[in-house]
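# Report on the structure
Chain residues, written in single-letter form:
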Amino acid sequence: MSGGEQKPERYYVGVDVGTGSVRAALVDQSGVLLAFADQPIKKWEPQFNHHEQSSEDIWAACCVVTKKVVQGIDLNQIRGLGFDATCSLVVLDKQFHPLPVNQEGDSHRNVIMWLDHRAVSQVNRINETKHSVLQYVGGVMSVEMQAPKLLWLKENLRETCWDKATGVTARSLCSLVCKWTYSAEKGWDDSFWKMIGLEDFVADNYSKIGNQVLPPGASLGNGLTPEAARDLGLLPGIAVAASLIDAHAGGLGVIGADVRGHGLVCEGQPVTSRLAVICGTSSCHMGISKDPIFVPGVWGPYFSAMVPGFWLNEGGQSVTGKLIDHMVQGHAAFPELQVKATARCQSIYAYLNSHLDLIKKAQPVGFLTVDLHVWPDFHGNRSPLADLTLKGMVTGLKLSQDLDDLAILYLATVQAIALGTRFIIEAMEAAGHSISTLFLCGGLSKNPLFVQMHADITGMPVVLSQEVESVLVGAAILGACASGDFASVQTTWGQILA
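Analysis parameters
Residues numbered from 1 in each chain as written. Predicted model: local features only at pLDDT ≥ 70, side-chain atom pairs only at ≥ 80, totals over all residues. Heavy atoms only, no water. UniProt positions renumbered as here; feature names shortened; annotations may be inferred. Helix = DSSP H or I, 4+ residues; strand = E, 2+ residues; numbered from the N terminus. Expected span 1.5 Å × (residues − 1). Buried < 20%, exposed > 50% of the residue type's maximum accessible area, 1.4 Å probe, protein only. 1 Å grid on protein atoms, 1.4 Å probe; cavity = no way out; pocket = protein on both sides within 12 Å on 5 of 7 lines; lining within 4 Å. Points joined across faces, edges and corners; volume = space filled by probe spheres on them. Nonpolar A, V, L, I, M, F, W, Y, C, P; charged D, E, K, R; others polar. Contact = heavy atoms within 4.5 Å. Polar contact = N/O pair within 3.5 Å; in protein donor to acceptor, adjacent residues only side chain to side chain. Pairing = 2+ DSSP bridges. Salt bridge = Lys/Arg side-chain N within 4 Å of Asp/Glu carboxyl O.

Looking at an unreviewed UniProt entry, one finds the chain named FGGY carbohydrate kinase domain-containing protein and attributed to Pan troglodytes. Turning to the chain, the UniProt record has this under Sequence similarities (unreviewed entry): "Belongs to the FGGY kinase family." In the Pathway (unreviewed entry) part of its UniProt record, the chain is described as follows: "Carbohydrate metabolism; pentose and glucuronate interconversion."

A word on helix 14 (residues 470-483). For helix 14, which comprises 14 residues, the first-to-last C-alpha distance of 20 Å matches the rise-based estimate of 20 Å (1.5 Å per residue) to within 8%. Counting buried positions over the 14 residues of helix 14 gives 14, a clear majority of the element. Directly beyond the C-terminal end of helix 14, a positive phi value near 90° is found at glycine 484.

On inspection of all chains with the given rule, the structure shows one cavity of 30 Å³ or more. Each pocket or cavity is described by its volume, and for the largest cavity that value is around 30 Å³. Lining the largest cavity we find Pro46, Gln47, His50, Glu52, Val101, Asn102, Gln103, Glu104 and Arg118. Those elements that place two or more of their residues in the lining of the largest cavity are strand 4 (44-47) and strand 5 (50-53). Of the residues in the lining of the largest cavity, the class split is two nonpolar, four polar and three charged.

This brings us to the environment of tyrosine 302. The topology assignment puts tyrosine 302 in strand 15 (residues 299-303). In this structure tyrosine 302 comes out as buried when scored by relative accessible area, which is 1%. For tyrosine 302 and glutamine 77, which are 225 residues apart along the polypeptide, the C-alpha to C-alpha distance reads 35 Å. Ignoring anything within four residues of it in the chain, the contact list for tyrosine 302 reads Tyr136, Val137, Met145, Val177, Cys178, Phe310, Trp311, Leu312 and Glu314. A distance of 3.0 Å separates a polar atom in the side chain of tyrosine 302 from the backbone oxygen of cysteine 178.

In spatial order, the strands read 4-5-8-7; together these four strands make up an open sheet with antiparallel pairing. If you trace the sheet from one side to the other, it starts and ends with strand 4 and strand 7 (89-90), each paired once.

Once that is clear, we can look at the pattern of salt bridges. One pass over the full model with this rule turns up 20 salt bridges. Across the pair arginine 109 and aspartate 106 runs a salt bridge, and its minimum N-O distance is 3.5 Å. In this structure, glutamate 155 engages arginine 125 in a salt bridge whose closest nitrogen and oxygen atoms are separated by 2.8 Å. Pair noted here: glutamate 155 is in helix 3 (residues 146-156) and arginine 125 is in helix 2 (residues 120-128), with a separation of 30 residues, a long-range link. Residue classification places glutamate 155 among the partly exposed residues on the basis of a relative accessible area of 40%. For arginine 125, a relative accessible area of 35% translates into the label partly exposed. One connected set of salt bridges, linked through shared partners, spans Glu52, Glu104, Asp106, Arg109, Asp116 and Arg118.

Turning to helix 13 (residues 448-458), a few remarks are in order. Within helix 13, eight of the 11 residues are buried, which leaves it mostly tucked inside the rest of the structure. If you check which residues of helix 13 are buried, you get Leu449, Phe450, Val451, Met453, His454, Ala455, Ile457 and Thr458. Looking at the buried positions of helix 13, the neighbouring elements they touch are strand 13 (274-279), helix 9 (321-329), helix 11 (348-360), helix 12 (403-431), strand 19 (437-441) and strand 20 (462-464). Of the residues that open helix 13, the one with a side-chain oxygen 3.0 Å from the backbone nitrogen of leucine 449 is asparagine 447.

Structure (structure tokens):
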């Protein structure tokens, strides 16, 4: 670097723990992603609707990817480390050793994944209480939240898991508010936990969960411990930030973007006119407001859970990327698709998109599905119907099973997901939100057909970030805040996202 008066470059590491992989990025102080790495993580499905992972496997993957992205960098220039993750339930004992969340007693599998639906009976009983905390989750608690999973562990694995489990000292405000019924303004509601049979938490002053609550981006302890630094390939003492849920990191990474000069409707409008749609295995729809807005069937309002000082409403679709994979891979023509896509050195979805262009002829591609329709709730409906018992449906099937049929079924599935987004937007607007623009990020936002169908079906412009890995930028923003280089999340919007 030339110029003696220039300050040394400052870097931040963002780590994203997703459903199927851990990813990391090295980001500079302008928000430019300089290095990227990913590592798959294991998943187990010992029985239907039981989905499990291993925290040891996840940590090992975090170490692999972090070491990769900092190769060749002066470690003294890395100022902060931020994490985001799916809001799965990790269970540890007092020595932080893993505990089994399964009947087999396999303690290596100590994570109940976010998409696990084993606690149906428990969530039904929780919703029957009609407790006042439920108004902050759209009126109906989801089986994907933590309270029903915790109750399942107490009722089914009391000796091997529940009685031995403990919490960590510091917890992120984001996850506690969004998945654990904590209120940023009032704290815990003791009466809720007593009513549903988890009075244990109240008795020990919530130490089983963790009773120090920190806002996203707050600096934790004295920074990275020597042991963790050695595992990650970083220096001890680097600032470590209180985390965000992965979708919320994506929302943070895009919703404050500078859009000046692009002629967009949202230019000059408040940030509350934007809806961040984070689309991967599932999709999350993040809208913020200055005042609380209660939307039936949509989670929230959550205060300061994503952006400090703003209320958050979170709509969602339990399976989107996973549903597209399911529909495509289960079709009789899938082997033919694999062969042809490989021959062209394309992904199967790039090939399907080009095949749709070929068969649509002169008509708009959307008209290919005039007789074929998909109802996408194969894993229940998260928003706005909030009904986990709903099932998926396809109408208009024919006896033919060729590649054209597969391409059209794929299109109909993408359209169904986009219609689900429109359904969520309509519910949010009916309750008081005013949304003019969609900001998409996540794996599915890299698919041009997925993006176009969302624009066509919602009738709204779609903004894609110049940096496609917005979730990782969001995680790095947390590290930047923890380092003290930026005063707040909003400050980073003006400098990192500009």
